[in-house]
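Spelled out from the first residue to the last, the chains are:
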There are 2 protein chains.
Amino acid sequence: MPWNLDSDRPIFVQIVEHLQYDIVSGVYAPGQKLPSVRDLAAVASVNPNTMQRALSELERDGYMHSERTSGRFITEDTHMIDELKTRLATAQINEFLPRMERLGLTKEEILNLVEQSIKE
Amino acid sequence: MPWNLDSDRPIFVQIVEHLQYDIVSGVYAPGQKLPSVRDLAAVASVNPNTMQRALSELERDGYMHSERTSGRFITEDTHMIDELKTRLATAQINEFLPRMERLGLTKEEILNLVEQSIKE
DNA sequence: ATTATTGTATTAACCGCTTGGTACAATAAT
DNA sequence: ATTATTGTACCAAGCGGTTAATACAATAAT
């Protein structure tokens, strides 16, 4: 899964989101050890400082914790991960629907578009 | 309709999008005169330079044109506006669906969520 | 004719993000 | 014991976006 970082938004924010999706979708399992800051930075083609900043945010929010010198680990609180999943999904819906309506599409048109696009 | 500008992305980009939505949804009709740069900037609580930059982009793409001292006008090319609408809607879909799937939701779950959320 | 308004251009300053470079303490690996 | 790896911290430089302040020419409004 590429990182798909663009220059429109702060990179560290995009990394936070990317890793949140990785946690929710199970790319990193609960309790699993993460690659080192330097390795993650290399994979993402980003400066280690930038990766560090993203990881600090995720740590501050409790999605991971660092063990000084042995590495960094995903939380084992599966309930918290489930909540994150719900929160991210809801956020997507709440961005998507109002924008589609603001474009002048009716609820039916939106539903049809989604239904159509989801098949292929 | 508030402008809802956040600090995550360049303001001028968000203004471009906001005005595109206004054009597509008919807030500004084809051929209609826009408020002055300074007025728009005041309404959006933004520096005139920033508003000017957004308007220049929209002008470069042909969605409006300025008449030196009499003001700035929305294009009368309704076909172009329709295309913009389609393009924006498609872009929303193409962002929304992959993200929902990446969260681990099945196509059915996504459809149900949309269907559910659209009713209320 | 005079005044106000229009779009436009320019410059300096500030701020946040990013990078590159360096460094350190703690501990795992050898 | 020595070495490598870990997270972490710091600083300087560069860059893009934003603001503020001015200015100008063209023309609409008076």
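Residues numbered from 1 in each chain as written. Chains lettered and ligands numbered in written order. Predicted model: local features only at pLDDT ≥ 70, side-chain atom pairs only at ≥ 80, totals over all residues. Heavy atoms only, no water.

S.K.: Please explain the pattern of salt bridges as it appears in this structure.
M.R.: Two side chains that carry opposite charge are able to pair once their charged atoms sit near each other. Residue and element names in this part refer to chain A. One pass over the full model with this rule turns up 12 salt bridges over all chains. The closest approach of N and O atoms between Glu17 and Arg9, which form a salt bridge, is 2.5 Å. On the basis of relative accessible area, Arg9 is assigned to the buried category, the value being 18%. Here Arg60 ties to Glu57 by a salt bridge, and the two come within 3.4 Å at their closest N and O atoms. With a gap of 3 residues between them, Arg60 and Glu57 both fall in helix H3 (residues 48-60), about one helical turn apart. (Salt bridge = Lys/Arg side-chain N within 4 Å of Asp/Glu carboxyl O. Buried < 20%, exposed > 50% of the residue type's maximum accessible area, 1.4 Å probe, protein only. Helix = DSSP H or I, 4+ residues; strand = E, 2+ residues; numbered from the N terminus.)

S.K.: Looking at this model, I keep getting lost on the relation of the copies chain A and chain B. Mind explaining?
M.R.: The operation relating the pair of chain copies consists of a rotation about an axis and a translation along that axis. Note on the copies: chain A fits chain B at an RMSD of 0.1 Å, the axial shift is 0.0 Å, and the rotation between them is 180°. These values place the two chain copies in the arrangement generated by a two-fold rotation axis. No C-alpha of chain A approaches the rotation axis more nearly than that of Arg9(A), which lies at 2.5 Å. A high fraction, 100%, of the interface residues of chain A reappear at the interface in chain B, so the copies pair face to face through one surface. (Least-squares fit on C-alpha atoms with pLDDT ≥ 70 in both. Contact = heavy atoms within 4.5 Å.)

S.K.: What is the right way to read the protein's contact with DNA strand C from this model?
M.R.: Near DNA strand C there are 21 residues, and of these Ile11(A), Asn49(A), Thr50(A), Thr69(A) and Arg72(B) occur at the shortest range. Looking at DNA strand C alone, sugar and phosphate atoms form 66% of those within 4 Å of the protein. Take Phe12(A): an N or O atom from its main chain is 3.4 Å from a phosphate oxygen of DNA strand C. Note that a base oxygen of DNA strand C is positioned 3.4 Å from one of the side-chain N or O atoms of Asn49(B). Contributions of two or more residues to the surface near DNA strand C are made by helix H1 (11-24) and H3 of chain A together with helix H2 (37-43), helix H3 (48-60) and strand E3 (71-74) of chain B. Considering only residue class, the surface near DNA strand C consists of 5 nonpolar, 10 polar and 6 charged. (Near = heavy atom within 4 Å. Polar contact = N/O pair within 3.5 Å; in protein donor to acceptor, adjacent residues only side chain to side chain. Nonpolar A, V, L, I, M, F, W, Y, C, P; charged D, E, K, R; others polar.)

S.K.: I keep staring at the sheet that holds E3(B) and nothing clicks. Help me out?
M.R.: All names here are of chain B. Taking strand neighbours across the sheet as the criterion, the 3 strands line up as E1-E3-E2 in an open arrangement whose pairing is antiparallel. Only two strands of the sheet have a single partner each, and these edge strands are strand E1 (33-34) and strand E2 (64-67). Where E2 lies against E3, 4 bridges are found, and the strand directions are antiparallel. What sits directly across from Ser66, in E3, is Arg72. Strands E2 and E3 of the sheet are contacted by H3, whose axis makes an angle of about 115° with E2. (Pairing = 2+ DSSP bridges. Axes fitted to C-alpha atoms, helices over the stretch in contact; angles between N-to-C directions.)

S.K.: Looking at this structure, I do not really get the domain arrangement of chain A. What am I missing?
M.R.: In many reports, interface size means the accessible area that the parts give up when they come together. All names here are of chain A. Here the domain parsing of chain A yields domain 1 (11-76) and domain 2 (79-119). The C-alpha-based centres of domain 1 and domain 2 are spaced at 27 Å. Taken together, the 10 residues of domain 1 in the interface contact 7 residues of domain 2. At the boundary of domain 1 with domain 2, total buried surface from both sides reaches about 790 Å², with 76% on carbon and sulfur atoms. Considering only the side of domain 1, the residues that lose the most area to domain 2 are Tyr21, Val24 and Tyr63, jointly responsible for 59% of the buried surface there. At the junction of domain 1 with domain 2, the criterion picks out 0 salt bridges. Connecting domain 1 to domain 2 are 1 residue pair in polar contact (both at pLDDT 80 or more). (Domains from an automatic or database assignment. Buried area = accessible area lost by both parts, 1.4 Å probe.)

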